[in-house]
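Tertiary structure, described
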Amino acid sequence: MKSGTVLIVGCGDIGTRVGETLVGQGCRVVAVRRATDLLPAAFEAVAADYTEPGSLDFAADLQPDYVLAIFNPAGRSEAGYRRGFSGAMDNLLRGLDGHRPRHVLMSSSTRVFAERGGGWVDENSALTTDDAPALAIIDAEQALLRSGLPASVVRFAGIYGATGGRLLARIRRGELYPPEPLRYTNRIHRQDCSGFLLHLLGLARRGDTPAPVYIGVDNLPAPRHEVDAWLAAQLGVEPATAPAAGDAVEGARGPAGHRRCRNNALRESGYALRYPDYRAGYAALLESEEAGSTGC
């Protein structure tokens, strides 16, 4: 498999996981983030705020073979999403100028889908027309996919797997959501998030052509109360009170999050999930937390 230069824009936890594996495979990794002191020494670090116009004008000079864009909102307002997604994509495409990488990957979100009633969605499902922050993400996707560059977007949902997350803290307080109203959730473990991005880069590096759009979730959409109850049982927690309306839930974005996502394209690409459902993923996380607390 050919190596080459990989530019990772927005290199946080997921980007770092991807980059470390690529370095081990002989790739040159150039990583962009504001706090470059948090990056591994093996990366070529570039301190930049990708939301600022002109901040990525160096990209063409790097001649990257592959680009991975992991954008985040610059704030929770519509303007923050515009800066963090559509503005950032404009900065990236302008920075690449006439250079054509072999493939560009964008990490996106299932928030872009119109479905809000718990129905099933796939890569071809209708997109929202009335969620302003999601529209900024859609604009970034479309700008990339219409750029003429070989590109793919991966719409992730509910990335979890870090210790000390809000969901487990809430369950430990005994705050479980009730069965009604029914709310479906979708998720993917962060190891599968980075693993799938690496898989798609691997396809491109072998000369294959990844699809334009993927949904990045595990095999099992599940009612929120079901996940809560299972975690409570694993932790030996007795339910106390339901969380207050509007409380943040890991991986959920209010009404826009109520849908069931199919991952057929992910599985058809040849990727095998390490954690195919929430039970496998959270069991591993709880085991890791227990080992850490005992010093093992």
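Pairing is parallel in the open sheet, where seven strands are placed in the order β3-β2-β1-β4-β5-β7-β11. For this open sheet the edge positions go to β3 (44–47) and β11 (213–216), each flanked by a neighbour on one side alone. The sheet shows a mean angle of 20° between the axes of neighbouring strands, taken without regard to direction. Sheet topology places strand β4 (residues 66–70) next to strand β5 (residues 103–109); five bridges connect them, and they run parallel. Its bridge partner being in β5, Y66 is matched across the sheet by H103. Taken strand by strand, helix α6 (residues 190–205) contacts β4, β5, β7 (151–156) and β11, and its axis lies near 165° from that of β7.

What follows deals with helix α3 (residues 78–96). For α3, which comprises 19 residues, the first-to-last C-alpha distance of 26 Å matches the rise-based estimate of 27 Å (1.5 Å per residue) to within 8%. Here α3 has its buried residues at G80, Y81, G84, F85, S86, A88, M89, N91, L92, G95 and L96. Where α3 is buried, its residues touch β1 (5–9), α2 (59–62), β4, β5 and α4 (132–145). A positive backbone phi angle near 50° is found at D97, which sits one or two residues after α3.

What follows is about unusual backbone geometry. Most of the time, phi is negative for any residue but glycine, and the peptide bond is trans. Of note, the bond from E180 into P181 is cis; its omega dihedral lies within 30 degrees of zero at 0°. Tracing the sequence through the fold places P181 in the loop between α5 (166–172) and β9 (184–185). Positioned with a positive phi, Q63 is a non-glycine residue whose angle comes to about 55°. Residue position: Q63 is located in the loop between α2 and β4. With a relative accessible area of 48%, Q63 lands in the partly exposed category. Its identity is not glycine, yet D97 carries a phi of approximately 50°, on the positive side. Locating D97 in the fold gives a position in the loop between α3 and β5.

The rules we used
- Residues numbered from 1 in each chain as written.
- Predicted model: local features only at pLDDT ≥ 70, side-chain atom pairs only at ≥ 80, totals over all residues.
- Heavy atoms only, no water.
- Pairing = 2+ DSSP bridges.
- Helix = DSSP H or I, 4+ residues; strand = E, 2+ residues; numbered from the N terminus.
- Axes fitted to C-alpha atoms, helices over the stretch in contact; angles between N-to-C directions.
- Contact = heavy atoms within 4.5 Å.
- Expected span 1.5 Å × (residues − 1).
- Buried < 20%, exposed > 50% of the residue type's maximum accessible area, 1.4 Å probe, protein only.

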